[in-house]
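Understanding the architecture of this molecule
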Amino acid sequence: MTVNLTRIYTRLGDDGETHLGDMSRVPKTHPRIEAYGTVDELNAQLGVALTVPDLPARHAELLRRIQNDLFDVGADLSVPHGGDRERLRVTPAQTAWLESACDEVNAGLAPLRSFVLPGGTPAAAQLHVCRTVCRRAERRTVDCGEEVGTECVRYLNRLSDLLFILARDANGGDEPLWEPGRNR
């Protein structure tokens, strides 16, 4: 599959509508557009995370693969299911890879003693931003109902788990924890 972009502006969206991957037109506020737009925002936040100097090298390796997979998620979300053409879809193997990465990184972490406050190192803080954007992308995907494949929801759910685990790991065991009622 190749993508050929010769001109970036097309003027086709000037009336508040856009094309889906099957060339049908929908308003730019359509739930499907909201879903893959939020996936795009998540990918941009991951790009910021990759620029943070204290990001562990293993995390960067994982994030680069995830960035590519998020384009697969966007492609899946952009094309309604059905039709006679084979389309790019997120696979259970991609979700299983996230689960394996979760297990790998989580194995080196101490058990949680409380809820984790977003923050700590710059890398951990940015990974928490990515996690919250991922959760929103998941909610926007769920908003699409049965119009989208369930594997996209599963993938985004596991990805938010991995981003949480990566943030914990980036804090090296010195993460800010919630202290219930501390300031009452």
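Some remarks on the nonpolar core
Residues Ile66, Leu70 and Leu163 are the most contacted members of the largest nonpolar core, which totals 40 residues. Residue assignment for this core shows that the elements contributing at least two residues are α1 (31-49), α2 (57-78), α3 (92-106), α4 (122-143) and α5 (150-170). If one sorts the elements of this core by residue count, α5 sits on top with 10 residues. Once residues within four sequence positions are removed from consideration, Leu163 is found in contact with Leu42, Leu46, Leu63, Leu127, Cys130, Arg131 and Cys134.

Re α1
Along its 19 residues, α1 runs 27 Å from first to last C-alpha, staying within 8% of the 27 Å computed at 1.5 Å per residue. All buried positions along α1 are accounted for by Arg32, Ile33, Ala35, Thr38, Val39, Leu42, Asn43, Leu46 and Ala49.

Some points on the side chain of Ser160
Relative to the helices and strands, Ser160 resides in helix α5. The residues touching Ser160, leaving out its near neighbours within four places in the chain, are Arg131, Cys134, Arg135 and Glu138.

Overview of the packing of α1 against α2
Between α1 and α2, the least distance of the axes is 9 Å, while the angle of their chain directions is 170°. Comparing the axis directions of α1 and α2 gives the class roughly antiparallel. Residues Arg32, Ala35, Tyr36, Val39, Leu42, Asn43, Leu46, Gly47 and Ala49 of α1 lie in contact with α2, whose contacting residues are Leu63, Ile66, Gln67, Leu70, Phe71, Val73, Gly74, Asp76, Leu77 and Ser78. The class makeup of the residues in the contact of α1 with α2 is 12 nonpolar, 5 polar and 2 charged.

Overview of the pattern of salt bridges
Considering all chains together, one arrives at 12 salt bridges under this definition. A salt bridge links Arg58 to Glu104; its shortest N-O distance comes to 2.8 Å. One end of the pair, Arg58, is in helix α2; the other, Glu104, is in helix α3, and 46 residues separate them in sequence. Since its relative accessible area comes to 32%, Arg58 is described here as partly exposed. Linked through salt bridges whose partners overlap, the residues forming this network are Arg58, Glu61 and Glu104.

With respect to the confidence of the model for the protein chain
It should be kept in mind that the predicted coordinates are not to be read in detail where pLDDT is low. Put simply, the protein chain has an average pLDDT of 89, and 84% of its residues get 70 or more. Here strand β1 (residues 17-19) is the element of the protein chain with the lowest mean pLDDT, 65, and α3 is the one with the highest, 98.

Examining the side chain of Glu175
As for its position among the elements, Glu175 is in the segment after α5. When its relative accessible area of 14% is taken as the criterion, Glu175 is described as buried. If we skip the residues at most four places from it in the chain, Glu175 touches Leu112, Val116 and Arg168.

Reading the values: the criteria
- Residues numbered from 1 in each chain as written.
- Predicted model: local features only at pLDDT ≥ 70, side-chain atom pairs only at ≥ 80, totals over all residues.
- Heavy atoms only, no water.
- Core = buried A, V, L, I, M, F, W, Y, C linked by side-chain atoms within 4.5 Å.
- Buried < 20%, exposed > 50% of the residue type's maximum accessible area, 1.4 Å probe, protein only.
- Helix = DSSP H or I, 4+ residues; strand = E, 2+ residues; numbered from the N terminus.
- Contact = heavy atoms within 4.5 Å.
- Expected span 1.5 Å × (residues − 1).
- Axes fitted to C-alpha atoms, helices over the stretch in contact; angles between N-to-C directions.
- Parallel < 35°, antiparallel > 145°, perpendicular 65-115°, else oblique.
- Nonpolar A, V, L, I, M, F, W, Y, C, P; charged D, E, K, R; others polar.
- Salt bridge = Lys/Arg side-chain N within 4 Å of Asp/Glu carboxyl O.
- pLDDT = per-residue confidence, 0-100.

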